Amino acid sequence: MGLDVYVGSLARYYAEGPADVVERIARQQGVPVADGQAAEDVIRSAVLAWRDGLGRWLGERLAAPLDWDESGQAPCFTDKPGWDGYGGTLLLAAHDEHPGLAVPATVSADWPDDPAYQAASARGAGSRYQQLLTPELWLPCRFGFVVRTQDVTGEEVEVGSSVALLDQFRLLRARRGLDGAPDRAGGDHRLAATAAAGLAVLVRLAERSVRHRLPMKLDF
């Protein structure tokens with residue numbers, strides 16, 4: 001299964017999912033469903049209820065209330081860094097923090113077992129790249145932490161800030177000399193080339209998340 005990244009309203013994302021998702025989300029968030037009500041409208045109400053609940057739970061950890069565009073007119077964007085590009089980017093960040101560990105020459109399927117990645121992503125590690133290393137969903141709101149919670153469907157998810165994520169992408173790119181890196185690495189699976197290609201895609205999507213005030217989500 002490939003890896004895409006989606007930037008857009010959560011209502012639109014879930015409305016385009018499996019047919020049973022409306023009932024499941026409405027039940028999870030306690031939202032009533034009226035006869036003939038459009039699926040996206042039901043899910044939008046559920047997403048807004050979830051956002052309010054998340055904001056109350058986070059409380060004083062937030063400098064400002066959670067807010068983003070969940071309107072029917074919100075744009076959406078998708079792109080495909082692929083598992084190699086995404087994994088290569090995470091390995092690049094992990095080895096930037098742990099330069100004493102051996103750097104793999106390629107991005108293999110078992111990249112999550114890499115010792116540098118394991119060390120950088122461990123709970124309490126305090127990584128400068130924490131917004132990149134573990135979240136699956138980023139909200140376009142400024143906060144400097146990641147949190148494990150339930151998403152709108154009730155599934156466990158690690159949530160971060162796409163605003164802080166973009167800052168960390170730019171830091172990684174500057175530290176590794178990747179400003180202006182090409183968007184594609186062709187068939188080259190060397191770590192540096194694969195990571196540069198994946199990072200270019202991820203930065204572009206994070207910029208759109210921040211600019212358009214839209215959540216950003218791994219889709220696989």
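Preceding this paragraph is the structure being described.
> Mind showing me how you'd approach the environment of Gly198 here?
You can see Gly198 is positioned in helix H8 (residues 191-212). As a C-alpha pair, Gly198 and Ala46 span 152 residues in sequence and 33 Å in three-dimensional space. Look past the residues within four positions of Gly198 in its chain and what remains in contact with it is Pro81, Gly85 and Thr89.

> Is there a simple way to explain the packing of aromatic side chains in this structure?
Each aromatic ring pair is characterised by the separation of its centres together with the angle its planes make. Using the criterion set out here, one finds 8 aromatic pairs in the structure. Centre to centre, the rings of Tyr6 and Tyr13 are 5.1 Å apart; their planes meet at 50°, and the pair counts as tilted. Since its relative accessible area comes to 5%, Tyr6 is described here as buried. Aromatic ring contacts, followed pair by pair, group Trp83, Tyr86, Trp111, Tyr117 and Phe220 into a single cluster. We note Arg51 situated over the ring of Trp68; from NZ or CZ to the ring centre the distance is 4.9 Å. Between the NZ or CZ atom of Arg61 and the centre of the ring of Phe145, over which it lies, the distance is 3.9 Å.

> Help me understand the side chain of Thr153 in this model?
With respect to the secondary-structure elements, Thr153 resides in the loop between strand E4 (147-150) and strand E5 (156-161). Polar contacts involving the side chain of Thr153 include one to the side chain of Asp151, which spans 2.6 Å. In this structure the side chain of Thr153 is engaged in a polar contact, spanning 3.4 Å, whose partner is the backbone nitrogen of Glu155.

> Any chance you could explain the pattern of salt bridges here in plain terms?
Pairs can form between side chains of opposite charge whenever their charged atoms are close. If you walk through the whole model with that rule in mind, you get 16 salt bridges. Measuring nitrogen to oxygen at the nearest pair gives 3.0 Å for the salt bridge that ties Asp41 to Arg44. One end of the pair, Asp41, and the other, Arg44, are both in helix H3 (residues 39-58), 3 residues apart, so they sit about a helical turn from each other. Judged by its relative accessible area of 15%, Arg44 is buried. The partner of Glu158 in a salt bridge is Arg148, and the shortest N-O contact between them spans 3.2 Å. Taken together, the residues span a long stretch of sequence, with Glu158 in strand E5 and Arg148 in strand E4 at a distance of 10 residues. For Arg148, a relative accessible area of 41% gives the class partly exposed.

Conventions adopted
Residues numbered from 1 in each chain as written. Predicted model: local features only at pLDDT ≥ 70, side-chain atom pairs only at ≥ 80, totals over all residues. Heavy atoms only, no water. Helix = DSSP H or I, 4+ residues; strand = E, 2+ residues; numbered from the N terminus. Contact = heavy atoms within 4.5 Å. Phe/Tyr/Trp six-rings, centres within 6.5 Å; stacked < 30°, edge-to-face > 60°. Buried < 20%, exposed > 50% of the residue type's maximum accessible area, 1.4 Å probe, protein only. Lys NZ or Arg CZ within 6 Å of the ring centre and 35° of its normal. Polar contact = N/O pair within 3.5 Å; in protein donor to acceptor, adjacent residues only side chain to side chain. Salt bridge = Lys/Arg side-chain N within 4 Å of Asp/Glu carboxyl O.

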